[in-house]
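Structure assessment
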Amino acid sequence: MAEDSTTAEQQDTDEQEQSEDLKWVHPGGDSDDIPTVLNGRDMRRRLPRLVHHTFALAWQVDPRSALVLIVCQVVSGLLSALGLFATTRALSSVIQAATDPSRLDSALPSVLVLTAAAGLRALLGIVIQALSQRLSPRIQREVGTRLLLAGVRTEMSSYDADGFSDRYNAAERGVDQAQQALGQTQNLVSSLATLVAASVVLAALYPPLLPLLLLAALPQAATALKGERITYVATVATFRDRRVLYLLRWTMVAKDAADQIRTDTITPHLMGKYQSAGDRVDRTTDQAAWQRAKITLYGAAASGIASGVLWAAVWVLLDTGRISAAAAGTAIFALRSASTSLQGIIGYGSQLLRSGFYMDDADRFVKEAEQQQIRVVRGTTAITGPPERIELRGVSFSYPGSEEPTLRDVDFEVRRGEIVAVVGVNGSGKTTLMKLLCGLNLPTQGEVLWDGVSVRDLDADTLWRECSVVPQEFARWPMNVRENVTLGQPQPDGDAAVMRAAAASSADDVITTLRSGLDTLLAREMWGGVALSSGQWQRLAVARALHRGAGLLVMDEPTSDLDPHAEHRIFNGLREIARNRAVVLVTHNVGNTAAADRIVVLSSGRIVQEGTFTQLTAAQGPLRDMWLLSQNRSFPTQNHEQEPVKHAP
Ligand SMILES: Nc1ncnc2c1ncn2[C@@H]1O[C@H](COP(=O)(O)OP(=O)(O)OP(=O)(O)O)[C@@H](O)[C@H]1O
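Residues numbered from 1 in each chain as written. Predicted model: local features only at pLDDT ≥ 70, side-chain atom pairs only at ≥ 80, totals over all residues.

**A look at the sheet that holds strand β4 (residues 445-450)**
Which entries qualify depends on this criterion: One bridge is not enough; two strands pair if DSSP finds at least two bridges between them. Secondary structure elements follow DSSP: runs of H or I of four or more residues count as helices, runs of E of two or more count as strands, with numbering from the N terminus.
Strand order in the open sheet formed by four strands is β2-β1-β4-β5, and the pairing between neighbours is antiparallel. If you trace the sheet from one side to the other, it starts and ends with β2 (407-415) and β5 (453-454), each paired once. Looking at chain direction, β4 and β5 are connected through two bridges and run antiparallel. If you follow Leu 449 over to β5, its bridge partner there is Ser 454.

Written out as structure tokens, the structure reads:
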């Protein structure tokens, strides 16, 4: 009782600690999201389904190799049966030769057969191993590709759903495990073939021995399966903490935060988190290991007793003269083979089950993602050119799991040739509005219309071909400069288009300083790669959007890291950029909104002001307040007027 309450207290502390530590990586959610699909009936059906699934995967990735593998496997099974029959016959003759030496010669044909069968089986084993080594990585790639495609083709809202990362984590493990599944399946099938052969021999000698043998193996098989289930559940239950460990390792050693890790002296604090997450993983895995050891012991004890009964039965049969000494010797040999194969079935079967759990997680992730596939959720109307007008009509939007809407009843419009600036305090919903305009998210209420057609009805690929986006957190692709701008979609005039976009975004200054120009690899971690500053990267991100030449250009804080010269160049060229497209610009720099035709002010997800720069800076309201604040730079400073200004010689 006291132990129970201590365990309950420990669990409460674990949960409290965990929720504290996870706040920064996994806000909200609970362990119900973790996929657990196990029940007794499911477990029994699993193995045949897994064997079928693995061979089907092999068939899909390389039908010819899969066919040869299956044929070799079947022939090898038959040879194993043949070898066993030959061995038992030879053994029988040898035992009989003890009383009648003339019987020894009769063992010769069986010895020849069993030698030939063993040799052929060894050859087939080599072929099977080679084919398995060829197929296994391909199966893994196939499962990985399915996962990848399901992920990138799913609606963005899937990412915001609770438990997405846990499900993805489990599915990722499925990709790792897929590589093992074929080998485990083969070993399982081959053990099964030997068991069948040994069972036939046993059934021919004395049929009641067969059920006795199976009975002896049953407890061990059952506990092995249960053991795998315990390990799986414990692994899944520790996913979040393992992710904490992984993120901490990654964040603490990655270059991005290296300077802050040092100057902020945060290491002891992070190590504390690492320690407590690690302790929780250890506690769960220790508990599982103990549970598993306990049930394995019960299984082994039960199997041991049953095996004792089995051997005693053979003894009694021999002692009472119900079977001959030769038959008893053969039965003992067949029993040994059968119990070795049963051990194999249990061992490989449990391994396959474990791999299967994760492969099922991968399948489940793919199935769920398929229901959220963009092509399933949306229509097929194609966009054939740059839009004239993009509108939001009565749009409200809530992120999955959020109680409060992020945007409320928003009406917004931008036309081709127009520049609209969106301003508002942090969290007012500007980025969310951008994502809706581009059709990255679909509104919870109201409609986003491209030339009068709802984005729900539009073919997403053609829609996104007309979107150029500079997001706040833009991608820094570990590719060369050219690919970072073209994204593998060059314009007909190739590098000339890249350099035009680079000139408009001030990225040309960056490119000319790089030793290999457009061919420079932008990944310091790779040999020959270079590192860019944040502002240099941002110039490339703007160049990327301009190069795309789409009908809608959305820029979310595109100059936040730029120096005044680069920023000035971009805003100076904005009118030219907007000549053939609609431009929407999010900025906190109110001065830059002067470049826009119209300014929209958002507050708590609503549009609270709209007008030109002149109108809004003249009228009382939030934009004028922000404008005045940005003008007010009279901070208290020391009087440096007497000090001479230093210039470089
Ligand atoms: N994926 C998400 N899931 C849930 N809530 C989100 C998500 N993304 C943003 N939000 C919430 O929506 C609100 C608006 O966020 P948004 O990024 O649109 O603001 P913003 O005006 O662009 O802010 P900032 O000026 O800081 O960039 C915030 O309260 C934010 O917490």
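**Focus on the nonpolar core**
Filter applied, for reference: Put simply, a nonpolar core is buried Ala, Val, Leu, Ile, Met, Phe, Trp, Tyr and Cys residues tied into one set by C-beta atoms within 7 Å. Buried means a residue has 20 or more other C-beta atoms within 10 Å of its own C-beta, exposed means 12 or fewer, and partly exposed covers the counts in between; C-beta atoms are placed from the backbone. The contact rule is simple: place each C-beta atom from the backbone, and if two of them lie within 7 Å, those residues are in contact.
Within the largest apolar cluster, 75 residues are counted, with the highest numbers of intra-cluster contacts made by Val 422, Leu 433, Leu 437, Leu 552, Val 554, Val 584 and Ile 599. Among the elements that take part in this core, helix α18 (residues 534-548) stands out by supplying six residues, more than any other. Once residues within four sequence positions are removed from consideration, Ile 599 is found in contact with Ala 421, Val 423, Thr 593, Gly 611, Thr 612, Phe 613, Leu 616 and Leu 623. Formed by 65 residues, the second largest nonpolar core is a distinct cluster that contains Val 51, Ile 128, Ala 181 and Ala 217.

**Concerning the domain arrangement of the protein chain**
To keep things clear, this is the line we draw: Residue ranges for the domains originate in an automatic or database domain assignment. For this classification, Asp, Glu, Lys and Arg are treated as charged, while Ala, Val, Leu, Ile, Met, Phe, Trp, Tyr, Cys and Pro are nonpolar and the rest, including Gly, are polar.
Parsing the protein chain into structural domains produces domain 1 (10-374) and domain 2 (389-629). Of note, the centres of domain 1 and domain 2, computed from C-alpha atoms alone, are 51 Å apart. Facing the seven residues of domain 1 at the interface are six residues of domain 2. The class makeup of the residues in the side of domain 1 that touches domain 2 is three nonpolar, two polar and two charged.

**A look at the UniProt feature "transmembrane region" (unreviewed entry) in the protein chain**
Operational definition: UniProt positions are given in the numbering used here, feature names are shortened, and annotations may be inferred rather than shown by experiment.
Residues annotated in UniProt with the feature "transmembrane region" (unreviewed entry) correspond here to residues 66-87, 107-131, 188-206 and 295-318. Annotation note: span residues 66-87, helix share 100%, strand share 0%, distance between end C-alpha atoms 31 Å.

**Some details on unusual backbone geometry**
Positive phi outside glycine occurs at Glu 557, with the angle close to 50°. Relative to the elements of secondary structure, Glu 557 occurs in the loop between β7 (552-556) and α19 (564-572). Judged by local crowding, Glu 557 falls into the partly exposed class, with 18 C-beta atoms found within 10 Å.

**Regarding the pairing of strand β9 (residues 598-603)**
Looking along a regular strand, one sees side chains alternate from face to face of the sheet. Relative to β9, strand β3 (residues 419-424) runs parallel, the two being bridged by five bridges. For Ala 421, the partnering residue across the bridge sits in β9 and is Ile 599. Two elements, β9 and strand β10 (residues 606-611), share five bridges in a ladder whose sense is antiparallel. Bridged to Leu 602 within β10 is Ile 607. Counting the residues between successive antiparallel strands, the hairpin from β9 to β10 contains two residues, one of them, Ser 604, with a positive phi of roughly 45°.

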